[in-house]
Amino acid sequence: MAMPGTLDSANLNGGQKLAVKYFSVAVALFGAQIVFGLLAGLQYLNPDFLYGVLDFSVNRMVHINAMIVWLLFGFIGSSYWLLEDEAGIPVVGLKLGNLIFWVFTLAVAVVVVVYLLVQVGPGDQSSIWLINEGREYIEAPRWADIGIVVCVLVFFFNVAATFAKGRYTGIGGVLTLDLIALFGIYLAGMFYTPNISVDQYWWWWVIHLWVEATWEVLVGCLMAYGLMQTLGVRRKIVETWLYIEVALMFGSGILGLGHHYFWIGTPEYWFTIGGFFSALEPIPLVAMVVHSVFDSGTHNMKNNNHPALAWIIAHAFGNFFGAGVWGFMHTLPQINLYTHGTQWSASHGHFAFFGAYATLVIAFFYLALQKWRGNVWMSGGLAGAWKWKWALGLLNLGMIGMVMAMLVSGYEQSQIERAIEGSSWVGYFVAQAHPWFAQGMWWRQVFGWMFAAGFVLLVWDLLTLGRSERRPAQVHSEPGVH
Ligand code: HEM
Ligand code: HEM
Ligand SMILES: [Fe+2]
C-alpha cells in the first residue's frame with residue numbers, strides 16, 4: 001500500500017471506488033448550480049442581462065435541477081461508500097452499477113445541453129418527451145425520467161442484494177426501506193394530468209415527501225455512519241437515535257405535506273392537518289442536533305476527521321434552522337396567506353437545502369478523501385488546514401447572508417404586496433419597486449459571490465488536503481467508556 005497522503009484507488013473498496021466517481025460528478029454539478037444561481041441573481045438586478053440569450057427561466061431551472069441531481073449523486077455515492085463496511089461483503093453486481101453510473105451521467109449532460117439549446121417554444125407531447133416535463137425541480141423530459149428509474153433500480157439492486165447477501169445492520173435496514181419509499185415516490189411526478197390542481201397535488205408527493213421525509217431519513221442514516229467513523233461512537237447508540245428520529249420524522253413529515261395544499265384547490269381540512277403536523281416537523285430536527293452534539297461532547301470532540309465532523313455539525317444546525325425554524329416560521333396557514341411564494345419561501349428553500357443536505361454530502365467528500373489518501377491524519381495540526389476552515393466559513397456565511405437578504409425582501413413583499421395592497425396586481429409591482437426589496441436582492445448577490453469564493457476554496461481543498469501529511473489517521477479512544 002502506498003504511503004499515507006498519496007491518492008491511490010487501491011485504498012478504496014469496490015463500492016468506494018464507484019462512490020468517488022459519483023462524488024466527482026456531484027462537485028461539478030454543484031459548481032454548475034452556483035454559476036446558474038449567480039446568473040439568475042444578476043437578472044434580478046438587471047432584467048435585460050442575457051435576455052434572449054440565456055433567459056431567467058432557464059437559469060433558474062438549471063440552478064435548481066442541478067441542485068437536485070448533485071444531491072442525489074451525493075446520496076447515491078454516500079450509500080455506495082458505506083455499503084461494504086456495513087454489509088461486510090463486496091457490492092453485489094458492481095459491474096452493472098459502474099455501467100449505470102456512466103449512463104446516468106451522460107443522460108444528465110444531454111438533458112442540460114437540450115435545456116440550453118431549446119429555451120423557448122410551444123409545449124406539447126413531443127416537448128414533454130424530449131425537452132422538459134415542466135415540473136419545478138424535476139423537469140427532466142420523459143425519456144430521461146424513465147432512464148432515471150432504470151438507473152435507480154440498478155442502484156437499489158446493488159444496495160439491497162449486498163445487504164441481503166452480507167448482513168443487515170440497523171443503518172442498512174433503514175436505508176434499504178427508505179430507498180424503496182424515496183424512489184417509489186418519484187413515480188408520482190411522472191404522469192400527466194390536464195388539471196393543474198391535481199398535477200400539483202401529486203407533484204408535492206415528490207418534492208415534499210422527499211425533502212421532509214425520505215431524504216431526512218437518508219441523511220439520518222448517513223449522519224449515524226459519519227458519527228461512528230469520525231468519533232468512534234458505538235453502533236448501539238447511533239442506531240437507537242436513528243430509530244427515534246425516523247419515527248418522529250415520518251410521524252410529522254407525511255401529513256405535514258398538507259402545508260402545500262393550502263392554496264391549490266384542495267379541501268379545507270388541509271388547513272388544520274397541514275398546519276398541525278408540519279408544526280411538529282422541527283421536533284425530529286432538534287433530536288438530530290442533540291444527537292450529534294451529545295456524541296461529540298462525550299468524545300470531547302476528539303475525532304479522526306476534523307473537516308468531516310465540522311460539516312456534520314453544520315448539517316445538524318443547518319437542518320434545524322433552515323428546515324425547522326425557517327420552515328416553521330411560515331407553515332401556519334394564517335401566516336402562509338401572506339408569505340406564500342415570496343422571497344420568504346426562497347430564503348427557507350436555500351437555507352434548508354444547503355443546511356440539511358449540501359452540508360452532509362460535503363462531510364462525505366471529506367470522509368472519502370481521507371481514506372482515498374490511505375487513511376491519512378486529518379485531526380488537529382493538519383497541514384494546510386486553513387483551506388478547509390475558510391471554505392467552511394465562506395460557504396456558511398455566504399449562505400446565511402443570502403438567506404437573511406432574501407428574508408428582508410420577503411418580509412417587505414408580505415407587508416406591502418399582501419397586507420397593504422391586498423395581493424393585487426399593482427401591489428406586486430409596488431412591492432418589487434420598494435428599496436427594501438431591491439436592496440435585499442443586491443445583498444443576496446454580494447453574499448452569493450462570497451459563497452462562490454467558498455466553493456472555489458472547497459474544490460482546491462478537496463484536491464490538495466492531506467497531500468503533505470504522512471501520519472496515519474488518529475485512532476479512536478477505547479469505545480465503551482461511557
Ligand atoms: C430539509 C428539509 C426542507 C427543505 C429542503 C425544504 C425546501 C423547501 C423549498 C425549496 C420550498 C419552496 C418550494 C417551491 O418552490 O414552491 C419550500 C416550501 C415550504 N416549506 Fe420547506 N423545506 C424543508 C423542510 C420544511 C419544514 C420542516 C417545514 C415546516 C416546519 C417547511 C415548511 C415549508 C412551507 C410552509 C413551504 C411553502 C412556502 C410557500 O407557501 O411559498 N419546510 N420548502
Ligand atoms: C451563488 C449562490 C446562489 C445564488 C446567487 C442563488 C440564486 C438564486 C436565484 C436568483 C433563484 C431564483 C429565485 C426566484 O425565483 O425568486 C434561486 C432559487 C433557488 N436556489 Fe439558489 N442561489 C445560490 C445558491 C444556492 C444553493 C447553494 C442552494 C442549495 C443548496 C440553492 C437553492 C435554491 C432553491 C431551492 C431555489 C428555489 C427556491 C424557491 O423556489 O423558493 N441556491 N437561487
Ligand atoms: Fe413541505
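Here the residue numbers are simple positions, counted from 1 along each chain's written sequence. Chain letters and ligand numbers both follow the written order, the letters beginning at A and the numbers at 1. Residues qualify for local features only when their pLDDT is at least 70, as the model is predicted, and side-chain atom pairs are given and counted only at 80 or more; totals for whole chains, interfaces and linings, by contrast, use all residues.

Turning to the overall build of the chain, a few remarks are in order. Counting its secondary structure elements, the chain contains 16 helices and zero strands. Taken over C-alpha atoms, the radius of gyration comes to 22 Å for the chain, in line with the 23 Å a tight globule of 482 residues would show. Oriented by its inertia axes, the alpha-carbon framework of the chain measures out at about 70 × 45 × 45 Å. Counting across all 482 residues of the chain, residues that qualify as buried make up 47%. Secondary structure elements are taken from DSSP: a helix is a run of H or I of four residues or more, a strand is a run of E of two residues or more, and numbering for both begins at the N terminus. Atoms counted for the radius of gyration: C-alpha only. Globule rule: 2.2 Å times the number of residues to the power 0.38. In this scheme the burial state of a residue depends on its C-beta neighbours within 10 Å: 20 or more other such atoms mean buried, 12 or fewer mean exposed, and anything in between means partly exposed; the C-beta positions come from the backbone.

In terms of nonpolar packing, the biggest core is built from 126 residues, with Y22, C221 and A224 touching the most fellow members. By residue number, the principal contributor to this core is helix α7 (residues 196-231), which donates 20 residues. Per the annotation, domain bounds derive from an automatic or database assignment of domains. Residues lining this core come from more than one domain, with at least three contributed by each of domain 1 (8-168) and domain 2 (353-474). Distance between backbone-placed C-beta atoms decides contact: two residues are in contact if it is within 7 Å. Those residues in contact with A224 that sit more than four places away from it in its chain are I171, V238, E239, W241 and L242. A set of buried Ala, Val, Leu, Ile, Met, Phe, Trp, Tyr and Cys residues, joined to one another through C-beta atoms within 7 Å, is what we call a nonpolar core. Counting residues in each nonpolar core, the second largest holds five residues, with V376, M378, L382 and A473 among its members.

With that settled, consider the environment of I283. With respect to the helices and strands, the residue I283 is situated in helix α10 (residues 282-298). Separated by 35 residues in sequence, I283 and L248 place their C-alpha atoms 7.3 Å apart. With sequence-adjacent residues up to four places away left out, I283 is seen in contact with L248 and S252.

We now examine the site of ligand 2. For each residue, a C-beta atom is positioned from the backbone; the residue is called near a molecule or strand if that atom sits within 6 Å of it. If you check the shell around ligand 2, you find 20 residues, and the closest are G37, A40, G41, G349 and G448. For the shell around ligand 2, the secondary-structure elements that each account for two or more residues are α1 (14-45), α2 (56-87), α13 (343-372) and α16 (435-464). With seven residues, α13 is the largest single contributor of residues to the shell around ligand 2. For this classification, the nonpolar set comprises Ala, Val, Leu, Ile, Met, Phe, Trp, Tyr, Cys and Pro, the charged set comprises Asp, Glu, Lys and Arg, and every other residue, Gly included, is treated as polar. Grouping the constituent residues of the shell around ligand 2 by class yields 12 nonpolar, seven polar and one charged. Here the shell around ligand 2 spans two domains, since at least three of its residues come from each of domain 1 (8-168) and domain 2 (353-474).

Time to look at the domain arrangement of the chain. Interface extent is often summarised as the accessible area lost during association of the parts. Domain annotation of the chain identifies domain 1 (8-168) and domain 2 (353-474). Inter-centroid distance (C-alpha atoms) of domain 1 to domain 2 is 21 Å. Listed by partner, the interface residues are 23 residues for domain 1 and 19 residues for domain 2. Secondary-structure elements contributing two or more residues to the side of domain 1 that touches domain 2 are α1 and α2. Sorting elements by how many residues they give to the side of domain 1 that touches domain 2 places α1 first, with 15 residues. Looking at the side of domain 1 that touches domain 2, its residues break down into 15 nonpolar, seven polar and one charged.

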